[in-house]
Each structure stands twice: as C-alpha cells, then as structure tokens.
Amino acid sequence: MSGHFKKKSKPKQDIPTASLPDIIFMLLIFFMVTTVLRENDVRVRTQLPAAEALTKIDQKRLVSYIWIGPEKLPGLQLGNTRVQIDDALIEDLPGIRSIMYRKLTEQPKLIVSLKVDETSEMGIVQEVEQELRQAGTLRINYSTTRFVQ
Amino acid sequence: MAGLLKKKKRRESEIPTASMADIAFLLLIFFLVTTTINVDTGIGMVLPPPLDEQEPPPVRERNMLKILVNEVGQLLMEDQPAAVDQVRAEVKKHVTNNGVDPNYSESPGQAIISIKTSSQTPYRAYIDVLDETWMAYREIWDNEARILGQRDYASYVANVVEAQDAPNEIREKYPAAISIAEPDPQQ
C-alpha cells in the first residue's frame, strides 16, 4: 500500500512544460504585432528641446517624421542644417510639398512629427511649415522631450 | 522481444517538441531587441490652410496678444520686453479677461495668441514660448474642469466627453487659438 502511494507522487514532481511553447509564442506574437521594423537611419543631429505641455501620439502608424538639424559628418563633426525625410536628405525644400502630398494620399489622417534640433533656426522650420501647408498636411507635432525640473 | 521492438518504433514516430520553447525564445528575444517602445511626445499644432485669394478675417487689436521672439531669443510681448516665465501669466490674463480690461481680450473665444519669430530665432526659444502658452491654456482648462467637479481637464475629457459622448464645453469656451504668424514677405 505504501509502495503504491510513492509511485503516484513521483510523476508530479516534474513541472509540466508542455504549455511552455504556447506561452512563449503568445509573448512572441505580442512583440511581433507591436514592433515597428526598420527605424530610419537619421543623418542629422536632432537634440530635441524639452517642454511641459506634451501630447502623446498613440498611433505610430499615422506618423511621418521630418528631421531638421545639423548634418552629421564623419568624425563627430556637424555640418549645415539639413532636412531629412525617410532615408534621404532633401536637396530642394519645395520638393517636400510633393513628398508630403503623396504621403497624405496614402494616409489621410497623417500627423507630421517635426524632430527639430534645438539649435536650429526658425527660418528653415518656417520654410518646411509653408511646404506642409501647401501639401495640406496640417496636423503637425513639434517633437519634444519631457521637461524635468 | 517483439513487444520491445514495438515500443521503440512508437517513440521514434513522435516529433521532439522539447526544443520548441527554445526556438520560440530565440524569436522572442529578436523581437524584444528590435522593438522600440518609446512613445512619441510633443506639442501638437494644426497649421492654417494655405492662403488663397481670401484674406484672413480681421481681428481686433485688443483680442490679439502679440509675442515676438527675436534672433537671440528675447521676447517682446505687446511691444514690451518680457521674460519667458511671464508668458504664462500674461496669456491667462489675456484669455480670461472677458472684456474687463480694455487692453486684453473681449472674450476667451475671441482671444488669439500670436507668436512671431524671425528667421534667425533659435528653435529652442520658440518652443519655450509655445510651451508656456499651451501650459497657460492647460491651467485654464484644469481650472474650468475643477469648477465642473472634475479633478483636472484630463479627467473631464475621460469622464464627461468620452464617456458620455458630450461636446467638450471647456474646449469650446477656450478654443486655444494660437497663431504662428506668417513669415514676413520681404525675408
């Protein structure tokens, strides 16, 4: 009788690992869904200013970025202020209009996030804004970090 | 002997699933590493539509609070030199004036904050002023929400506007008209 009991209690000492793959797969699928692959290689320095009155952009898929800042040169040097959209540095600013218009037709709820270096001058920001107005992409967001006191 | 052989055959026909978890783990770690969780934060604005032939509607002088930011980030508020930390109080005073002081706005709905920069103004200075202006409006909204019995404006939006599908009365009363002035044509 006592031998009987011993046999029964033995297999219970193992933790059942059969469901482990399912658990991991669930985590995996969560991260696969939330991942946005291919971050852009930013070729300008954008040290963002800090601000208090922040809004969050929850839907990352609506966002298109424009980077404005001094160009990163080899050897940690900084060049002139340039504008970057997607992977390319923009050579002529009026070309932004057609780029952004095309993006707007693909995503009518487009939000343009302006990642502007805090040392940039307003002149180039205003020029880009004028192009955005012409393109019709009116929802913008001045990207800033959280102001810490 | 025959029974032993049968048992062996059965074991081999199963697919080994012990490594399944490891494979999944490897994929999981890959996605963990490549994921960027950081949420974008910033100051949201809506640009005015491009001007066609029509002129913008005339605005009475008293309804407009003009803030000028110059090349080195110094402020001129209603033609008076000012510091950045004065902006918030001045904007609140301007918006909530309700026609009392003839130098400030007639009503919150008509009040306009105009921020004008030169082409050499550092972006940092512009964002500072814009931030202070938005914070002034946020404080006004928070105050209104407290009068309506909410903790702050965010809980007003969550509890009243979104939960009851009601119009956002605070936002309608204080529409936060912040104008980014057109750059000067001669530039």
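Refer to the structure presented above.
So, a few notes on the structure that sits alongside this text. These numbers come from a predicted model, not from an experiment.

Helix packing geometry: the angle between the two helix axes and the distance between the axes. Residues and elements named next belong to chain B. Helix 4 (residues 123-147) packs onto helix 3 (residues 84-95) with a crossing angle of 40° between their chain directions and a minimal axis gap of 8 Å. Of the possible angle classes, the one that applies to helix 3 and helix 4 is oblique. Pair helix 3 / helix 4 crosses with right-handed handedness. Listed contacts from helix 4 to Val84, Val87, Arg88, Val91, Lys92 and Val95 of helix 3 are Asp128, Val129, Glu132, Thr133, Met135, Ala136, Tyr137, Glu139 and Ile140.

Residue and element names in this part refer to chain B. Taken across its six residues, strand 5 (residues 112-117) has five buried, putting it largely inside the fold. Pairing between strand 2 (residues 64-69) and strand 5: six bridges, direction parallel. Looking at strand 5, one finds that Leu65 is bridged to Ile113. The pairing of strand 5 with strand 6 (residues 178-180) spans three bridges and is parallel. Along strand 6, the bridge assignment pairs Ile115 with Ile180.

Right, let's talk about the layout of surface pockets for a bit. Volume-wise, the largest pocket comes out at about 1,700 Å³. Along its surface, the largest pocket is lined by 47 residues, and Gly44(B), Met45(B), Val46(B), Trp134(B) and Arg171(B) are the ones closest to its centre. Where the lining of the largest pocket is concerned, the elements lending two or more residues are strand 2 (55-57) and strand 7 (139-143) of chain A together with strand 1 (40-46), strand 5, helix 4, helix 5 (153-162) and strand 6 of chain B. Top element by residues in the lining of the largest pocket is helix 5 of chain B. It accounts for five residues. Its residues assigned to classes, the lining of the largest pocket comprises 28 nonpolar, seven polar and twelve charged.

About the criteria used
- Along each chain, residues carry numbers from 1 onward, in the same order as the chain's sequence is written.
- Written order determines the labels here, with chains lettered from A and ligands numbered from 1.
- Confidence filtering applies because this is a predicted model: local features only for residues at pLDDT of at least 70, side-chain atom pairs given and counted only at 80 or more, and all residues used for totals across whole chains, interfaces and linings.
- Excluded from the side-chain calculation are hydrogens and water; included are all heavy atoms of the structure.
- The convention used is that axes are lines fitted to C-alpha atoms, helices contributing only their stretch in contact, and that angles between N-to-C directions extend from 0 to 180 degrees.
- Numbering of helices and strands runs from the N terminus, with a helix taken as a DSSP run of H or I at least four residues long and a strand as a DSSP run of E at least two residues long.
- Just so you know how the angles are binned, under 35 degrees is roughly parallel, over 145 roughly antiparallel, 65 to 115 roughly perpendicular, and the rest oblique.
- Crossings are sorted by hand: turned counterclockwise from the far helix by less than a right angle, the near helix makes the crossing left-handed, and turned clockwise it makes it right-handed.
- When checking whether two residues touch, look at their non-hydrogen atoms; a contact exists if any pair is within 4.5 Å.
- Here the term buried applies to any residue with accessible area under 20% of the maximum for its type, exposed to any over 50%, and partly exposed to those in between, with areas from a 1.4 Å probe on protein chains only.
- Being paired, for any two strands, means DSSP has found at least two bridges between them.
- The method works on a 1 Å grid over the protein atoms by themselves. A cavity is a set of points holding a 1.4 Å probe that cannot get out, a pocket is an open set with protein on both sides within 12 Å along at least five of seven lines, and residues with an atom within 4 Å of a point line them.
- Grid points are joined across faces, edges and corners, and a volume is the space filled by probe spheres set on the points.
- Only Asp, Glu, Lys and Arg are considered charged, only Ala, Val, Leu, Ile, Met, Phe, Trp, Tyr, Cys and Pro nonpolar, and every remaining residue, Gly among them, polar.

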